[in-house]
Amino acid sequence: MSTPRTDLSQTLRRLDGSSYSAYKQLKGLWRLGEVELVLDRVQSDPYAPPSLARVRLPLRSTGIPSGLIASKDRRVAAGDFLTRQFSRAARELGPRGGKDSGGISIQSTGQEILERSSVLVPDPAAADAHVEVRCEIALPAAGRRIKGHAAHRLLTEVLPGVVERALRYENLDARALQAHVTSHLDAQHLREQLPQRGLVAFVADSAVLPRASGHRDEPLARGAVPFETPPELRVELELEDGSTVSGMGIPEGVTVVVGGGYHGKSTLLQALERGVYSHVPGDGRERVVTLPSAMSVRAEDGRAVSHTDVSPFINNLPTGADTRDFSTSNASGSTSQAAATVEAVEAQAAVLLLDEDTCATNLMVRDERMRAMVPGEREPITPFVDRVGALYTERGVSSILVTGGSGAFLDVADLVVAMDAYRAVDVTDRARQVVRDFPRSEDMRPAASFGEIRPHVPGGAPEAPGTVPAERGATPSGPGAAGHDASRSGPRHGAAQRGGRDKPARARGLDTIQWGREDVDLSALSQLVDPSQTEAIARLLEEVERTADGRTPLTELVDAALERVVRDGLDALAHHRGHPGHLALPRAQDVVAAYHRVRR
């Protein structure tokens, strides 16, 4: 790093009244007492995105106890906590004069504790250890003129004040920091015990599952019924400090959650979806944990499907096409869910989470009357109920299904839990009696095998071309679609076939990645919780495209990219883009799912 300049005050006073573009003179390294300020990119216009900055403070000067950050998990939680403290201090100490007075901001946070690039907490054993904050600074302006005195106050008074409040241990709530770290360590420790106990999820007694509203992820403040474990399902797991916690253990296999409307079925499933993450203290779901690879699956009407093997669920098409290499630009609900299920299994999801409210009925079940109306040899779809048992026995993939309108899954359930006024009851024995009283017909027996899945291999022609036309009259898209000679296509993702992707992929909020002229819709990926995860996925998709060789399966490409991130940190995704402060670590399953939603 270059030698820091120390004349920031004089420089800002000199720039007062100058054209806004003169702020570019601030780019580089400045020293403000113990604090180092690095301006990586300076905005050229008051209406442009804020300037990108890094603030560095020696770890020894923060006073943070080394034992509190001695491990990687501890540093992840501490970085998440300090991000929240920096954000709060910036809001409380920042200018009150409106946009023209400038301001300081940092990556937003939610109820989950994530590995973030916004605040890097170093290993205390490292040489020259510094805590580094990556933030944005909107520099003050009057029209298109520099407000030098306001900028002086912002950078030399407000910013050091924010650092003092957010990074000095003596100014922090030590108990809150310790609780934040402990919450993450406990959740990680609980999650690690699930496979050892033959479980896929755990819900602690007294957990608060309901949320404040459909658009707010905070816990319901009043009227929430604390979770109470059915005696038959009670297990005890160990916390990080050696103490124990009791709760409901959901075993491997097929679990069906039933109950009337508004009794908490979907609320339980949503808590399990988010159980792949640790939660902040006070969230109510701190000790609700699910296997890290658990994947929510749903129908996604209109999504693109590209070269996906959907043959476990769709076969014997009237066209005679081979569904082992399926492409369509406009999938129906059933087709999209079939593709999402296979994609999740290929991405090594250990448990699938399904809610009938968001699933395609004709992919989930076919009752006796419909089987009588449309004989099996005339129906290309094998419903999920016929495959779910083999999915577990053959591939070890468990399922947790919420249903209130069909009893078909009772036949294949290993466990049935009823939600009654937000209280869980083990009704497995009762469900088995119902199955005996109302047996399935012979033609509704589960399939003996789930079948093989052809791995998705980016960057190469399929081994056995054979695709179906786009559904509902849509025009097929992508190499291998109907009317395309795959034998002459060459690499699928070469420069000529990138859809005008001359600009880097980037996130636009939580649910969209803009890649060239395409907006990749990720709204169905309900386990994405932070736009910074989406930004990381955008960069990982570029990495996958760059390394695709036509031989390596997609899952291996994603795993290799994430292994590098785990080894080198999220900064490995910064590349040439400079300021890396808006990244959070995603799961491999979500990266794979996002790749499959790119229209090719």
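Check the entry above for the structure.
Residues numbered from 1 in each chain as written. Predicted model: local features only at pLDDT ≥ 70, side-chain atom pairs only at ≥ 80, totals over all residues. Heavy atoms only, no water.

Peer 1: Explanation requested: the sheet that holds strand β17 (residues 288-290) in the structure shown.
Peer 2: The strands making up a sheet associate through backbone hydrogen bonding, with each pair oriented either parallel or antiparallel. Spatially, four strands are ordered β13-β14-β10-β17 in an open sheet, and the strand pairing comes out antiparallel. The sheet is open, and its two edges are formed by β13 (234-238) and β17, each paired on a single side. For this sheet, the mean inter-axis angle between neighbouring strands, taken without regard to orientation, is 35°. Against the sheet, helix α5 (residues 174-193) engages β13, β14 (244-251) and β17, with an angle of about 120° to β13. (Pairing = 2+ DSSP bridges. Helix = DSSP H or I, 4+ residues; strand = E, 2+ residues; numbered from the N terminus. Axes fitted to C-alpha atoms, helices over the stretch in contact; angles between N-to-C directions. Contact = heavy atoms within 4.5 Å.)

Peer 1: Would you explain the packing of aromatic side chains in this entry?
Peer 2: The geometry of an aromatic ring pair comes down to the distance between the two centres and the angle between the two planes. Counted by the stated rule, this structure contains four aromatic pairs. Ring centres of Phe313 and Phe384 lie 6.2 Å apart, and the angle between their planes is 20°; on these two criteria the pair is classed as stacked. In this pair, Phe313 is assigned in the loop between β19 (305-308) and β20 (326-328) and Phe384 in helix α10 (residues 384-395), connecting sequence segments 71 residues apart. For Phe313, a relative accessible area of 0% gives the class buried. Looking at Phe384, the relative accessible area reads 0%, which means it is buried. (Phe/Tyr/Trp six-rings, centres within 6.5 Å; stacked < 30°, edge-to-face > 60°. Buried < 20%, exposed > 50% of the residue type's maximum accessible area, 1.4 Å probe, protein only.)

Peer 1: Is there a simple way to explain the environment of Val598 in this structure?
Peer 2: Its place among the elements puts Val598 in the segment after α14 (588-596). In this structure Val598 comes out as buried when scored by relative accessible area, which is 1%. In the structure, Val598 is positioned 589 residues away from Ser9 in sequence and 49 Å away in space, judged by C-alpha atoms.

Peer 1: Sorry if this is basic, but what is going on with the side chain of Thr267 here?
Peer 2: On the secondary structure map, Thr267 appears in helix α6 (residues 265-274). Not counting the four nearest positions on each side in its chain, Thr267 is found in contact with Leu209, Pro210 and Tyr422.

Peer 1: Explain the pairing of strand β27 (residues 518-521) here, please?
Peer 2: Consecutive residues of a regular strand have side chains that alternate between opposite faces of the sheet. Burial of the side chains of β27 is restricted to one face: Glu518 and Val520 are buried, whereas none of Asp519 and Asp521 on the reverse face is. Pairing of strand β26 (residues 512-515) with β27 involves four bridges; the strand directions are antiparallel. Bridged to Gln514 within β27 is Asp519. Linking β26 to β27, which pair antiparallel, is a turn of two residues; within it Gly516 sits at a positive phi near 60°.

Peer 1: How should the layout of surface pockets be read in this particular structure?
Peer 2: Empty space among the atoms can be located by rolling a probe the size of a water molecule over them. Taken as a whole, the largest pocket spans an internal volume of roughly 920 Å³. Gly214, Asp217, Gln270, Arg274 and Ser526 are, among the 39 residues lining the largest pocket, the residues nearest its centre. At the level of elements, β11 (211-213), β12 (216-219), α6 and β21 (351-355) are the ones that each hand at least two residues to the lining of the largest pocket. Taken together, the residues that form the lining of the largest pocket break down as 12 nonpolar, 14 polar and 13 charged. (1 Å grid on protein atoms, 1.4 Å probe; cavity = no way out; pocket = protein on both sides within 12 Å on 5 of 7 lines; lining within 4 Å. Points joined across faces, edges and corners; volume = space filled by probe spheres on them. Nonpolar A, V, L, I, M, F, W, Y, C, P; charged D, E, K, R; others polar.)

Peer 1: It is not clear to me how the sheet that holds β21 should be interpreted in this structure. Could you clarify?
Peer 2: Read from one edge to the other, the open sheet built from six strands follows the order β18-β21-β22-β15-β23-β24, with strand pairing classed as mixed. Looking at the sheet topology across the chains shown, the edges are occupied by β18 (295-296) and β24 (423-426). Two strands pair when backbone bridges link them, and strand β15 (residues 254-258) and strand β23 (residues 415-420) are joined in this way by four bridges, in the parallel orientation. Within the sheet, the bridge partner assigned to Val257 lies in β23 and is Val417.

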